[in-house]
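Chains, contacts and geometry: an overview
Listed below are the residues making up each chain.
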Amino acid sequence: MQVPLQISYRNLDPSPSVEDDIREKAAKLDQRYSDIMSCRVVVEMPHQHHQKGKLYHVRINLTLPGAELVVNREPDLHQAYQDIYVVVRDAFAAMERQLAAYVERRKGEIKIHELPPHGRVVRLYPDQHYGFIETSDGREVYFHAHSVLQMDFKDVEIGAEVRFSEEMGDHGPQASSVLMVGKHHLVD
């Protein structure tokens, strides 16, 4: 952090053990996310509930380049917030989730679905209803006529480009589904 961690208390006395817990959790955030500019934590006991006991409130403000993330853990929402350590834990867990989402948005990460393996048909045994695909990494994968999708096995030709789903069979790798790739399909 560029600015030292700030911890303040309202309506209760500072606690060295609570402060140590907050410092430890803030340090973990700082280790995982180097862009944190500052972190302010406010611990308070808003008012006394005669029937509910002492309920705590924790607010975390995190300043980042171009953003400020805020987490509030309200005592009225959870009876467990009678334990200050539970409130602190929940607040930092929520901040961790917000921070992870911020980093993902900032990087522009978009989940990319991996394309199924591809290769070319190198051998066919039409009378026995099977063939072999040579993968892009040079391995051979067995496929049966029943694995061919959207066309008849008899129309498959040697050299045809295919995409397939691979699994381990009794005698080695085999394609559980084989789909011919069209002429205009780009292969990576």
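Okay, so let's go over this structure. Quantities reported herein were computed from a predicted structural model and do not represent experimental measurements. (Residues numbered from 1 in each chain as written. Predicted model: local features only at pLDDT ≥ 70, side-chain atom pairs only at ≥ 80, totals over all residues. Heavy atoms only, no water.)

1. Some thoughts on the packing of aromatic side chains
Inspection of every chain in the model, using the stated rule, returns six aromatic pairs. With a centroid separation of 6.0 Å and 70° between ring planes, the pair formed by Phe132 and Tyr142 is classed as edge-to-face. Of the two residues, Phe132 is situated in strand β6 (residues 130–135) and Tyr142 in strand β7 (residues 140–144); the sequence distance between them amounts to 10 residues. Given the relative accessible area of 18%, Phe132 is considered buried. Ring centres of Phe143 and Phe153 lie 6.1 Å apart, and the angle between their planes is 65°; on these two criteria the pair is classed as edge-to-face. Taken together, the positions of Phe143 in strand β7 and Phe153 in the loop between β8 (148–149) and β9 (161–169) put the pair 10 residues apart, joining distant regions of the chain. Of the two residues examined, Phe143 and Phe153, each falls in the buried class. Here the aromatic residues Tyr125, Tyr130, Phe132 and Tyr142 are joined through ring pairs into a cluster of three or more. Over the ring of Phe132 we find Arg123; its NZ or CZ atom is 4.4 Å from the centre of that ring. (Phe/Tyr/Trp six-rings, centres within 6.5 Å; stacked < 30°, edge-to-face > 60°. Helix = DSSP H or I, 4+ residues; strand = E, 2+ residues; numbered from the N terminus. Buried < 20%, exposed > 50% of the residue type's maximum accessible area, 1.4 Å probe, protein only. Lys NZ or Arg CZ within 6 Å of the ring centre and 35° of its normal.)

2. Quick look at the packing of helix α1 (residues 16–32) against helix α2 (residues 84–107)
It is at 11 Å that the axes of α1 and α2 come closest, and there the two elements cross at 10°. With respect to each other, α1 and α2 are oriented roughly parallel. Both α1 and α2 take part in a crossing whose hand is right-handed. Contact residues: α1 offers Ser17, Val18, Asp21, Ile22, Lys25, Ala26, Leu29 and Arg32, while α2 offers Ile84, Tyr85, Val88, Arg89, Phe92, Met95, Glu96 and Leu99. Residues that form the contact of α1 with α2 fall into these classes: 10 nonpolar, one polar and five charged. (Axes fitted to C-alpha atoms, helices over the stretch in contact; angles between N-to-C directions. Parallel < 35°, antiparallel > 145°, perpendicular 65-115°, else oblique. Left-handed = near helix turned anticlockwise from the far one by under 90°. Contact = heavy atoms within 4.5 Å. Nonpolar A, V, L, I, M, F, W, Y, C, P; charged D, E, K, R; others polar.)

3. Focus: the pattern of salt bridges
Following the criterion strictly, the structure yields 10 salt bridges and no others. We note a salt bridge from Asp21 to Lys25, for which the minimum N-O separation is 2.9 Å. On the criterion of helical spacing, the pair formed by Asp21 and Lys25 is a turn pair, its members being four residues apart in helix α1. No difference in accessibility class separates Asp21 from Lys25, as the two residues are buried. One salt bridge connects Arg40 with Glu68, and the closest N-O pair in it is separated by 3.1 Å. Highlighted residues: Arg40 in strand β2 (residues 38–44) and Glu68 in strand β4 (residues 67–73), separated in sequence by 28 residues. Take Glu68: its relative accessible area is 43%, and that puts it in the partly exposed class. Connected through salt bridges with shared partners, the residues Asp137, Arg139 and Glu166 form a single ionic network. (Salt bridge = Lys/Arg side-chain N within 4 Å of Asp/Glu carboxyl O.)

4. Considering α2
An ideal rise of 1.5 Å per residue puts 34 Å on 24 residues; α2 measures up with 35 Å between its terminal C-alpha atoms. The complete set of buried residues in α2 reads Ile84, Val86, Val87, Val88, Ala91, Phe92, Ala94, Met95, Leu99 and Tyr102. The N-capping residue of α2, defined by a side-chain oxygen 2.9 Å from the backbone nitrogen of Tyr85, is Asp83. (Expected span 1.5 Å × (residues − 1). Polar contact = N/O pair within 3.5 Å; in protein donor to acceptor, adjacent residues only side chain to side chain.)

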